Amino acid sequence: MEHQIHHEEQKEDAKPHVSSTTSKLNWLRASVLGANDGIVSVAGIVAGVAGATDNAQIILTAGMAGLIAGAISMAAGEYVSVSSSRDTERALMKREKYELENDPKGELEELACIYESKGLSHDTAMRVAKELSKKDAYAAHIDVELGIDPDDLTNPWHAAFASAISFTIGAFIPLIAVILSPEPLKIPVTFISVIIALIITGTVSAKVGKAPVLRAVVRVVIGGAIAMVVTYGIGRLFNLSGI
């Protein structure tokens, strides 16, 4: 009897633990990607301006403008995206609740069919569906049919804040590098700093997503390098043309 009770407690503890871990991993991955955006975006800006002028104040102003605009843009985009996603989830949950209240038998059959499609026999699938529905039909349906945890919906304000912060942290790397470096070394030091930062973010992102590390790192490094080379080249063209 004690073993059974202990087993039930373990099952109850496992569900929020798994949900919480998944949520934390998603937040970490989003933060890394936000930092990566900040690194590449501002690196491109400061490299382009540094190619056109040696004036540190102008480079700093352009970099800060890019940082602020990028952070606000990221936050606004994340807020809109998460809000739209949460509105959709709530609408689906509301519809599921309505269907359960008005057609419980049909919903039970639907739940059993889902488990049957996963490999259970018809009788076993129906038994599982009945047991889950008896405990909490609404929770069972939105979990299996919709893949939604009503207690773990993403807060759009939290997402916006996290996105802005991660972008800002990433953006400061090329900005500080180009401002603090001596004149002849501004571009080389900034380039090296950005490459190192992208290697770190690419590695972390790959490990969080359980993807091949080398492929992820090469992808982000090449993207960042191309952005800096292209913008610096354009800046040099403006510099040489005297515009």
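No experiment lies behind these values; they were computed from the predicted model shown.

**Description of the overall build of the protein**
Part 1 of the reasoning: In terms of helices and strands, the protein carries 7 helices and 0 strands.
Part 2 of the reasoning: In sequence order, the secondary structure elements of the protein are arranged as α-α-α-α-α-α-α.
Part 3 of the reasoning: Burial status across the protein gives 32% buried among its 243 residues.
Part 4 of the reasoning: Relative to all contacts within the protein whose residues are 6 or more apart in sequence, the contacts with residues 24 or more apart total 73%.

**A word on helix α2 (residues 56-102)**
Part 1 of the reasoning: An ideal rise of 1.5 Å per residue puts 69 Å on 47 residues; α2 measures up with 68 Å between its terminal C-alpha atoms.
Part 2 of the reasoning: In this structure Asn55 caps α2, since a side-chain oxygen of it lies 2.9 Å from the backbone nitrogen of Gln57.

**Notes on the packing of α2 against helix α4 (residues 122-144)**
The axes of two packed helices give the description: the angle between them and the distance between them.
Part 1 of the reasoning: Running from N to C, α2 and α4 point in directions that differ by 130 degrees, and their axes come no closer than 10 Å. The pairing of α2 with α4 is recorded here as oblique in orientation. Between α2 and α4 the crossing geometry is right-handed. Contacts between α2 and α4 involve Met93, Glu96, Lys97 and Leu100 from the first element and Ala137, Tyr138, His141 and Ile142 from the second.
Part 2 of the reasoning: A class-by-class count of the residues in the contact of α2 with α4 yields 5 nonpolar, 1 polar and 2 charged.

Conventions used here
Residues numbered from 1 in each chain as written. Predicted model: local features only at pLDDT ≥ 70, side-chain atom pairs only at ≥ 80, totals over all residues. Heavy atoms only, no water. Helix = DSSP H or I, 4+ residues; strand = E, 2+ residues; numbered from the N terminus. Buried < 20%, exposed > 50% of the residue type's maximum accessible area, 1.4 Å probe, protein only. Contact = heavy atoms within 4.5 Å. Expected span 1.5 Å × (residues − 1). Polar contact = N/O pair within 3.5 Å; in protein donor to acceptor, adjacent residues only side chain to side chain. Axes fitted to C-alpha atoms, helices over the stretch in contact; angles between N-to-C directions. Parallel < 35°, antiparallel > 145°, perpendicular 65-115°, else oblique. Left-handed = near helix turned anticlockwise from the far one by under 90°. Nonpolar A, V, L, I, M, F, W, Y, C, P; charged D, E, K, R; others polar.

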